[in-house]
Amino acid sequence: MTLMPNLPNPGQLTRTDETVTYDARDLVVNGTKAEIVLDGQTYTLRITRAGKLILTK
């Protein structure tokens, strides 16, 4: 069973400007959450079962 159907393939993500694009599933390797640090502050990025992103401090 796939928890996140109908999500684009990372190879399909294209940009016309210089913006770097990351697939959230590449950041959330274990499938549930990843920690992101900015200026000493740690944030948690989670992917819900419905395929939504939640970023909390």
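In every chain, residue numbers begin from 1 and rise along the written sequence. Per-residue local features are limited, in this predicted model, to residues with pLDDT of at least 70; the limit for side-chain atom pairs, both in listing and counting, is 80 or more; totals at the level of whole chains, interfaces and linings are taken over all residues. Working from all heavy atoms in the structure, the side-chain values ignore hydrogens and water.

Asks: Honestly, the overall build of the protein in this entry has me stumped. Any pointers?
Replies: The secondary structure listing takes helices from DSSP runs of H or I that are at least 4 residues long and strands from runs of E that are at least 2 residues long, numbered from the N terminus. Along the backbone of the protein there are one helix and three strands. Secondary structure elements of the protein occur, N-terminal to C-terminal, as α-β-β-β.

Asks: Help me understand the pattern of salt bridges in this model?
Replies: Pairing between side chains becomes possible if they bear opposite charge and their charged atoms approach one another. The term salt bridge refers to a side-chain nitrogen of Lys or Arg lying within 4 Å of a carboxyl oxygen of Asp or Glu. Under the definition given, this model contains one salt bridge. The residue Asp-23 makes a salt bridge to Arg-25 at a minimum N-O spacing of 2.7 Å. Look at Asp-23 and you get buried, because its relative accessible area is 8%. For every residue, the accessible area (1.4 Å probe, protein chains only) is compared with the maximum for its type, and the residue is labelled buried under 20%, exposed over 50%, or partly exposed between those bounds. Under the relative-accessibility criterion, Arg-25 is labelled partly exposed at 31%.

Asks: Whenever I open this one, the sheet that holds strand β2 (residues 41-47) confuses me. Can you help?
Replies: Where strands meet in a sheet, backbone hydrogen bonds hold them as pairs that are either parallel or antiparallel. Here three strands make up an open sheet; going across it, the order is β1-β2-β3 and the pairing antiparallel. Whereas interior strands pair on both sides, the edge strands pair on one side only; in this sheet they are β1 (33-38) and β3 (53-56). Each strand axis lies, on average, 25 degrees off the axis of its neighbour in the sheet, ignoring direction. Sheet analysis places β2 next to β3, joined by four bridges and oriented antiparallel. Looking across to β3, one finds that Arg-46 is bridged to Ile-54. For two strands to be treated as a pair, DSSP must find no fewer than two bridges joining them. Every angle, taken between N-to-C directions, lies between 0 and 180 degrees, and every axis is a line fitted to C-alpha atoms, over only the stretch in contact when it is a helix.

Asks: I would appreciate a short explanation of the environment of Ala-34 in the present structure.
Replies: Secondary-structure assignment places Ala-34 in strand β1. The buried category is assigned to Ala-34, whose relative accessible area is 12%. The spatial distance from the C-alpha of Ala-34 to the C-alpha of Ala-24 is 9.4 Å, given a sequence separation of ten residues. In contact with Ala-34, other than residues within four places in its own chain, are Leu-27, Val-28, Tyr-43, Thr-44 and Leu-45. We call two residues contacting when some pair of their heavy atoms lies within 4.5 Å.

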